[in-house]
There are 2 protein chains.
Amino acid sequence: MRTSIATVCLSGGLVEKLHACAAAGFDGVEIMDSDLIAAYESPEEIRALCARLGLRIDLFQPFRDFEGVDEPTLTENLRRARAKFEVMKRLGANMMLLCSNVATATIADPEVAAEQLGTLADLAAEYGISIAYEALAWGKYVSDYRDSWKIVELADRANLGVCLDSFHVLSRGHDPAGIEAIDPDKLFFLQLADAPAFDMDVLSWSRHHRLFPGEGSFDLTGFLSHVLLAGYRGPLSLEVFNDTFRQTDVRRTAAHALRSLRWLSDRTAALNGWEELQIALPQPPRAFDFVEVAGEDLAPVEDLLNKLGFSFGGGHRSKPVRLWRAGDAHVILNEQHRTPGTRLAGLGFVVGDAEAAADRALAIGAPPAYRRTYEGEYPLPTVSAPDGTGVYWNSQSAADSWLSEFEGGESPETPGNLQGVIDHINLAYPWQEFDEAVLFNTSALALDAAPSADLPGPRGLVRSQVMRTADGAVRIAMNLAPPTAPLQPRHIAVRVSDAIAAARAAKDRGLSFLPIPDNYYDDLNARFGLDPELLADLRALDLLYDRDEAGAFIHFYTPMIGDVFFEIVERVGGYDGYGAANAPVRLAVQRSDGQ
Amino acid sequence: MRTSIATVCLSGGLVEKLHACAAAGFDGVEIMDSDLIAAYESPEEIRALCARLGLRIDLFQPFRDFEGVDEPTLTENLRRARAKFEVMKRLGANMMLLCSNVATATIADPEVAAEQLGTLADLAAEYGISIAYEALAWGKYVSDYRDSWKIVELADRANLGVCLDSFHVLSRGHDPAGIEAIDPDKLFFLQLADAPAFDMDVLSWSRHHRLFPGEGSFDLTGFLSHVLLAGYRGPLSLEVFNDTFRQTDVRRTAAHALRSLRWLSDRTAALNGWEELQIALPQPPRAFDFVEVAGEDLAPVEDLLNKLGFSFGGGHRSKPVRLWRAGDAHVILNEQHRTPGTRLAGLGFVVGDAEAAADRALAIGAPPAYRRTYEGEYPLPTVSAPDGTGVYWNSQSAADSWLSEFEGGESPETPGNLQGVIDHINLAYPWQEFDEAVLFNTSALALDAAPSADLPGPRGLVRSQVMRTADGAVRIAMNLAPPTAPLQPRHIAVRVSDAIAAARAAKDRGLSFLPIPDNYYDDLNARFGLDPELLADLRALDLLYDRDEAGAFIHFYTPMIGDVFFEIVERVGGYDGYGAANAPVRLAVQRSDGQ
């Protein structure tokens, strides 16, 4: 399917935008008139540039508020239209978008709208131009795509059809099934946008909060299915007004945008069994394979893991890379890179078919990554997440693949050593990169988004969004930090069967935890009326506690080393959360550094 | 009236917040339990700190979801309450806020709610604690203050009263006049918050978008009047949940918060003729007195003004300060400060009583400013705007006051010299400082806010908010720049009677304007069908044009010098806008620097 994008999705000037669209791999663009008006380049120059870049100008959006008006206004509107058709001729654009009138319409009658649009179409025909008529969600008389189709049918001109925009249909809760009743020859154009489930006025929602497909809560797969089943064969075009994307780097946003379209068309193909359109089967991860921490000198991390009860799993036979493990929780410490600091640098996943997972991620547009492997080493297919984190896939278990490359380790079964699995990874993002990361986790990692929550911290609200597999074996908790706060550290949560015993053993080995205020335990007691012995243990060991209908959660945090820290968690019964109620305390305590 | 503020309005840890509230001058605080829980300090330490700082703990907010529940839940809730009353005893807080149940209520009957609240009040009485019951806008059964009052009346306990929150009343559109029917002895507490006129779900609106009084669109003056007429004599307390204030400097936000309360109580006193409560009469400005541009070397600005047609008004007799003027538009160039760059540093206003204007601004909490004046110089009372811009008031015209301090100038009436007045000043703010600046302009400058608009620029949306006097003699256009974009320059718009002649003369003198794309003129013609001669003039002179029902607007921009530029505007007929439709072109062109 051909891909297109409205220039209004992107930041910068028109020429920059066109270069970015071409570099990302789009087939075409929708040009918003305001972008042309603010450009020094003539329409002829823009036309020639698009031709050189291999971009088709799929749509031009020059004016609004045409139909349903009185006679003098119609005359004036036709004059305006003629002037814009002249521009389109110079630009080489032959399809114009016309939104339903929101301002000047005074006549509700569809017959009048049809007659006036017919007149416009006849004028357009003189220029070889088609008109795609779109029902805006807040159109004065026409706000439902079924009404725009009725008017187009009434007008009955070969060069007049409808433009569908997923936002305008789904934001109003209109059933998209009716799209299949539209004559496919009159389905002129398709604009796609996702959006979060906000309960706010539809105009502000549309103008500020649209998202790329896969980032919001609209059922775009179902929507696109109806459009394709109706017989639409034009481009899939993105029209996403979003305050963030208007500000972010234009090339990165264009690549991000194309990734969303590829994911959507792939997912739609999968839903409908259209195998020829499908990229490859998604490979939801079965488990974490490992987590990689990188830094110049990771001795403090080794000391921390040792005190936590991790066992040393050996040094890599050919690289300055060391393994620490707590049962099935593998932490790789990588000192190959010379950059200072300590950071979470990579995530490994066990999947059914590692090659297919990587190929699919690359086909959807994930940035490729390069990993030095040496003769005889187990190859792990890899890509880079948009923030630079390495992603690795493994079709085998660690024991059957790379584990044997590490030499000189102790047995993880040594009595007293911590036994566990990676419960979740917590990653923080600056606000400009959050939506892109959600899409990457959906499209490349095949994780699903759980509902998000806002957690109050001392530097502002932190938005928390968990992405996970259905069985919970892989969970990534994403945090969106407030713009003015420093980026939060990332952390690795290891799940054990007895967090109290793990904490006691770690304290005995000399590990200092984040100290938790006494007031917190008084509140715990007020909220839950805990058993005094349990409360005393929690208080003495600086443990955090949460409870819901299904079970309980006991957890604690290590101090930070560079931008990384660890959390030990225990899930009692069916507790399925992450101790969100304790996050404000954790954030406050981390900030005050225990003082 | 006593002033108070909820700690949840502010960023940081509890101890920092308390210090900031005291430094700003608040009389008391509402402590949110979550702030205490995250603090290492014991309740006794917080109590002692508040005592030392002179802050009364007016309210404590420890738990929610109490009433309208089944018996087992009630028993559990009373256990929770007792635990929190113990904390309050240690804290020395004797009034508890209880919000209406949003989650666990299953019984809608007000009699049951009253009975259960009565039981709670009796328990609280053992601790000497009162309960202030508040109807949350999204309470399950109780969401209207009239219902919370009815329940309080039914329960009939001396230590049970209502808490009113302007947000919960006004967001639901409930008539606040009914407040006067409440027994004043049962008006226990008052929380004040403003909010923008958003059409969104009331919970998100409340949690993220509340504003301090004077910054939103609620009629808080009317609301507070009803509360005071009802006989309430407790503190005026701010409870403002706002994503921005949670992130900004705690001391600055606390000062900003207190300014909003002072403004509100003053305005309410004025509305009701309560002279003893009023600070001083507001002094709306009659005109701009001058604009001050500061920098180390302002020769490029002098060259620019000279080419624009300004006349040299002389050098100050004792300071490195020079005057340029275009009729009544005075621009002061100040080279006293050694900081590099060129910036708009001060605004002068003509008012009825300059001393009273400055005293009032200081009493409301404007930061004082210090201006070196020498013997025999005309004194201008002054304060500093929160962003550091100097504000000066003058009870006289320039000719009758400071103008004679400038020597050696040419006559402004020299033929060919530009004649005009300052039409408006355009000031850009980072997003963290925008609301504070709106409040300053309202409270200290006595300007009113016009509706705001979002303008698309190449680096993101720019929010534009005009603040003005009713007659339009003084207008300040405020811009909120996108977070990632560099702060926009500020500009000074001078209104003339013939912008085309002014542009032609300036071009003849060698001034280069911002070059405007040709596409813009094609679009102007399409939109307005302009007279060809006018269009040719506009195109040849790089002029911008706008039109509405009332008239037209012709304007142009000079290049930027440091962070300042000038605009020449002509208003034809009753045009009252600012050429907002042209802002995207201006922003795009300024960014591309004419390339």
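This structure is a prediction, so every number in the text was calculated from the model and none was measured. Note that residues are indexed from 1 along each chain, following the sequence as it is written. Ligands are numbered from 1 and chains lettered from A, in the order in which they are written. Residues qualify for local features only when their pLDDT is at least 70, as the model is predicted, and side-chain atom pairs are given and counted only at 80 or more; totals for whole chains, interfaces and linings, by contrast, use all residues. In computing side-chain properties, one takes all heavy atoms of the structure into account and sets aside hydrogens as well as water.

Engineer: I'd like a description of the relation of the copies chain A and chain B, backed by residues and values.
Structural biologist: Only residues with pLDDT of at least 70 in both copies contribute their C-alpha atoms to the least-squares superposition of the copies. Of the two same-sequence chains, chain A is brought onto chain B (RMSD 0.0 Å, axial shift 0.0 Å) by a rotation of 180°. When the rotation and shift are considered jointly, the pair of chain copies conforms to a two-fold rotation axis. Measuring from the rotation axis to each C-alpha of chain A, the shortest distance belongs to Met200(A), at 1.8 Å. Any two residues whose heavy atoms approach within 4.5 Å are treated as being in contact. Looking at chain A, 100% of its interface residues are interface residues in chain B too, so the copies touch through the same face.

Engineer: Can you break down unusual backbone geometry residue by residue, with the values?
Structural biologist: A positive phi is found at Asp542(A), a non-glycine position, where the angle reads about 55°. Secondary structure counts use DSSP, requiring at least four H or I residues in a row for a helix and at least two E residues in a row for a strand, with both numbered from the N terminus. Mapped onto the elements, Asp542(A) comes out in the loop between helix H16 (532–541) and strand S23 (544–547). Here Asp65(B), not a glycine, exhibits a phi torsion of approximately 60°, which is positive. Think of it in three bands: with a 1.4 Å probe and only protein chains considered, a residue is buried below 20% of the maximum accessible area for its type, exposed above 50%, and partly exposed in between. The class of Asp65(B) is buried, set by a relative accessible area of 16%.

Engineer: Explain the pairing of strand S20 (residues 460–468) of chain B residue by residue, including any values.
Structural biologist: Residues and elements named next belong to chain B. Burial runs high along S20: eight of the nine residues are buried. Paired strands are those between which DSSP finds at least two bridges. In this structure, strand S18 (residues 448–449) lies alongside S20, joined through two bridges in antiparallel fashion. Residue pairing for S20: Ala 449 is matched across the bridge by Met 467. Strand direction decides the pairing type here: S20 and strand S21 (residues 475–480), joined by six bridges, are antiparallel. Within S21, the position partnered with Arg 468 by the bridge is Arg 475. Linking S20 back to S21 in an antiparallel pair, the connection comprises six residues, with Gly 472 at a positive phi of about 80°.

Engineer: Break down the state of the cysteines for me, with residues and values.
Structural biologist: For the purposes of this analysis, a disulfide is any pair of cysteine sulfur atoms at a distance within 2.5 Å. If you walk through the whole model with that rule in mind, you get zero disulfides over all chains. Cys21(A) forms no disulfide, and the closest cysteine sulfur to it belongs to Cys9(A), at a distance of 8.2 Å.

Engineer: Mind laying out the side chain of Thr7(A), listing which residues take part and the relevant values?
Structural biologist: Residue and element names in this part refer to chain A. Assignment of secondary structure puts Thr 7 in the loop between strand S1 (3–6) and helix H1 (14–24). Under this definition, polar contacts are N or O atom pairs within 3.5 Å; protein pairs additionally need one hydrogen-donor-capable and one acceptor-capable atom, and for neighbouring residues in sequence, both atoms have to be side-chain atoms. Among the polar contacts made by the side chain of Thr 7, one reaches the side chain of Asp 35 at a distance of 2.7 Å. Residues within four places of Thr 7 in sequence aside, it is in contact with Leu 14, Lys 17, Leu 18, Glu 30, Ile 31, Met 32 and Asp 35.

Engineer: With reference to specific residues and values, describe the sheet that holds strand S15 (residues 390–394) of chain B.
Structural biologist: Residue and element names in this part refer to chain B. What the eight strands build is an open sheet, ordered S14-S15-S13-S9-S12-S11-S10-S16; its pairing is mixed. Strands at the two margins of the open sheet, each flanked by one partner only, are strand S14 (382–384) and strand S16 (406–408). Within this sheet the neighbouring strands show an average axis-to-axis angle of 30°, counted without direction. As paired elements, S14 and S15 share three bridges and run antiparallel to each other. Each residue of the ladder has a partner; that of Ser 384, found in S15, is Gly 390. Axis lines are fitted through C-alpha atoms, for helices just across the contact stretch, and the angle between N-to-C directions can take any value from 0 to 180 degrees. Sitting on the sheet, helix H12 (residues 354–364) is in contact with S14 and S15, with an inclination near 145° to S15.

Engineer: I'd like a description of the domain arrangement of chain A, backed by residues and values.
Structural biologist: Residue and element names in this part refer to chain A. Domain extents, as shown, originate in an automatic or database domain assignment. Split by domain assignment, chain A resolves into domain 1 (3–277), domain 2 (287–408) and domain 3 (421–592). Between domain 1 and domain 2, the C-alpha centre-to-centre distance is 44 Å. Accessible surface is computed with a 1.4 Å probe, and the buried area is the amount of it that two parts give up when combined, taken over both parts together. Between domain 1 and domain 2 the total buried area reaches about 540 Å² when both faces are included, carbon and sulfur atoms providing 45% of it. Whenever a carboxyl oxygen of Asp or Glu lies within 4 Å of a side-chain nitrogen of Lys or Arg, that contact is scored as a salt bridge. For the interface between domain 1 and domain 2, the tally reads one salt bridge. With a shortest N-O distance of 2.3 Å, Asp 266 and Arg 360 are connected by a salt bridge. The interface formed by domain 1 and domain 2 includes four residue pairs in polar contact (both at pLDDT 80 or more). When its residues are assigned to classes, the side of domain 1 that touches domain 2 shows one nonpolar, no polar and four charged. Each residue gets one label: Ala, Val, Leu, Ile, Met, Phe, Trp, Tyr, Cys and Pro are nonpolar, Asp, Glu, Lys and Arg are charged, and the others, such as Gly, are polar.

Engineer: Describe the pattern of salt bridges, naming the residues involved and giving the relevant values.
Structural biologist: All names here are of chain A. On inspection of all chains with the given rule, the structure shows 60 salt bridges over all chains. Across the pair Glu 377 and Lys 319 runs a salt bridge whose closest N-O atoms are separated by 3.2 Å. Of the two residues, Glu 377 is situated in the loop between helix H12 (354–364) and strand S14 (382–384) and Lys 319 in the loop between strand S10 (311–316) and strand S11 (321–326); the sequence distance between them amounts to 58 residues. Judged by relative accessible area, Glu 377 falls into the buried class, the value being 8%.

Engineer: Provide a residue-level description of the interface of chain A and chain B, including the pertinent values.
Structural biologist: Often the size quoted for an interface is simply the accessible area lost on bringing the parts together. Contact with chain A, which involves 57 residues of that partner, is made by 57 residues of chain B. Buried area between chain A and chain B, both sides added, is near 4,000 Å², and the carbon and sulfur share of it is 54%. A per-residue breakdown of the area chain A buries against chain B is headed by Ile37(A), Tyr40(A) and Asn519(A), which together make up 18% of the total. At the junction of chain A and chain B, the tally comes to four salt bridges. Breaking the side of chain A that touches chain B down by element, the ones donating at least two residues are helix H2 (33–37), helix H4 (71–91), strand S19 (453–457), strand S20 (460–468), helix H15 (518–528) and helix H17 (583–592) of chain A.

Engineer: Help me get a handle on the sheet that holds strand S15 (residues 390–394) of chain A, residues and values and all.
Structural biologist: Residue and element names in this part refer to chain A. Spatial strand order, S14-S15-S13-S9-S12-S11-S10-S16: eight strands in an open sheet with mixed pairing. Since the sheet does not close on itself, it has two edges, and those belong to S14 and strand S16 (406–408), each with one partner. The average angle at which neighbouring strand axes cross in this sheet is 30°, direction not considered. Strand direction decides the pairing type here: strand S9 (residues 287–295) and strand S12 (residues 329–334), joined by four bridges, are parallel.

Engineer: Please give an account of the environment of Gly313(B) that cites residues and values.
Structural biologist: All names here are of chain B. Looking at the secondary structure, you find Gly 313 in strand S10 (residues 311–316). Given the relative accessible area of 13%, Gly 313 is considered buried. Each C-alpha atom, one on Gly 313 and one on Gly 574, is 32 Å from the other, the two residues being 261 residues apart in sequence. Filtering out sequence-adjacent residues up to four positions away, Gly 313 remains in contact with Leu 323, Trp 324, Arg 325, Phe 406 and Gly 409.

Engineer: Just give me the short version of the packing of helix H10 (residues 250–272) of chain B against H12(B), but keep the residues and values in it.
Structural biologist: Residues and elements named next belong to chain B. Remark: H10 packs on H12, axes separated minimally by 8 Å, with the N-to-C direction vectors making an angle of 125°. With respect to H12, the element H10 is oriented oblique. Seen from H10, the contacting residues are Arg 259, Arg 262, Trp 263 and Asp 266; seen from H12, they are Arg 360, Ala 363 and Ile 364. Each residue belonging to the contact of H10 with H12 can be placed in one class, and the counts come to three nonpolar, no polar and four charged. Any angle that falls under 35 degrees is termed roughly parallel, while one over 145 is termed roughly antiparallel, one within 65 to 115 roughly perpendicular, and all others oblique.

Engineer: Please provide a residue-by-residue account of the packing of H1(A) against helix H3 (residues 43–53) of chain A, values included.
Structural biologist: All names here are of chain A. The contact between H1 and H3 brings their axes to 10 Å, and the two run at 15°. Judged by the inter-axis angle, H1 sits roughly parallel to H3. Remark: the crossing between H1 and H3 carries right-handed chirality. Residue-level inspection shows Leu 14, Val 15, Leu 18, His 19 and Ala 22 of H1 in contact with H3, the latter providing Ile 46, Leu 49, Cys 50, Arg 52 and Leu 53. The residue inventory of the contact of H1 with H3, partitioned by class, reads eight nonpolar, one polar and one charged. Note: crossing handedness is left-handed where the near helix turns anticlockwise from the far helix by less than a right angle, and right-handed where it turns clockwise.

Engineer: Kindly report on the UniProt feature "binding site: a divalent metal cation" (unreviewed entry) in chain A, identifying the contributing residues and their values.
Structural biologist: All names here are of chain A. What UniProt calls "binding site: a divalent metal cation" (unreviewed entry) maps, in this numbering, to Glu 134, Asp 165, Gln 191 and Glu 239. For the residues just named, distributed over 106 residues, the greatest C-alpha separation is only 12.9 Å, placing them together at one site. Relative to the helices and strands, Asp 165 resides in strand S6 (residues 160–165). By relative accessible area, Asp 165 is classed as buried at 2%. When sequence neighbours within four positions are dropped, the list of residues in contact with Asp 165 reads Glu 134, Gln 191, Arg 210, Phe 223 and Glu 239. Owing to a relative accessible area of 0%, Gln 191 belongs among the buried residues under this scheme. UniProt positions are given in the numbering used here, feature names are shortened, and annotations may be inferred rather than shown by experiment.

Engineer: Give me a negative patch on the surface: which residues, what numbers.
Structural biologist: What goes into a patch is any residue over 30% in relative accessible area without a salt bridge, connected to like charges within 9 Å or, for nonpolar side chains (Val, Leu, Ile, Met, Phe, Trp, Tyr), within 5 Å. The method behind every accessible area is Shrake-Rupley, applied with a 1.4 Å probe, and residues are considered shielded solely by the protein chains displayed. His is not counted, nor are the chain ends; Lys and Arg add positive charge and Asp and Glu add negative charge. Just so you know, the charge point we use is NZ for Lys, CZ for Arg, CG for Asp and CD for Glu. Where like charges cluster on the molecular surface, the negative patch consists of Asp70(A), Glu71(A), Asp109(A), Glu111(A) and Glu115(A). Looking at the element boundaries, Asp70(A) is found in the loop between strand S3 (56–61) and H4.

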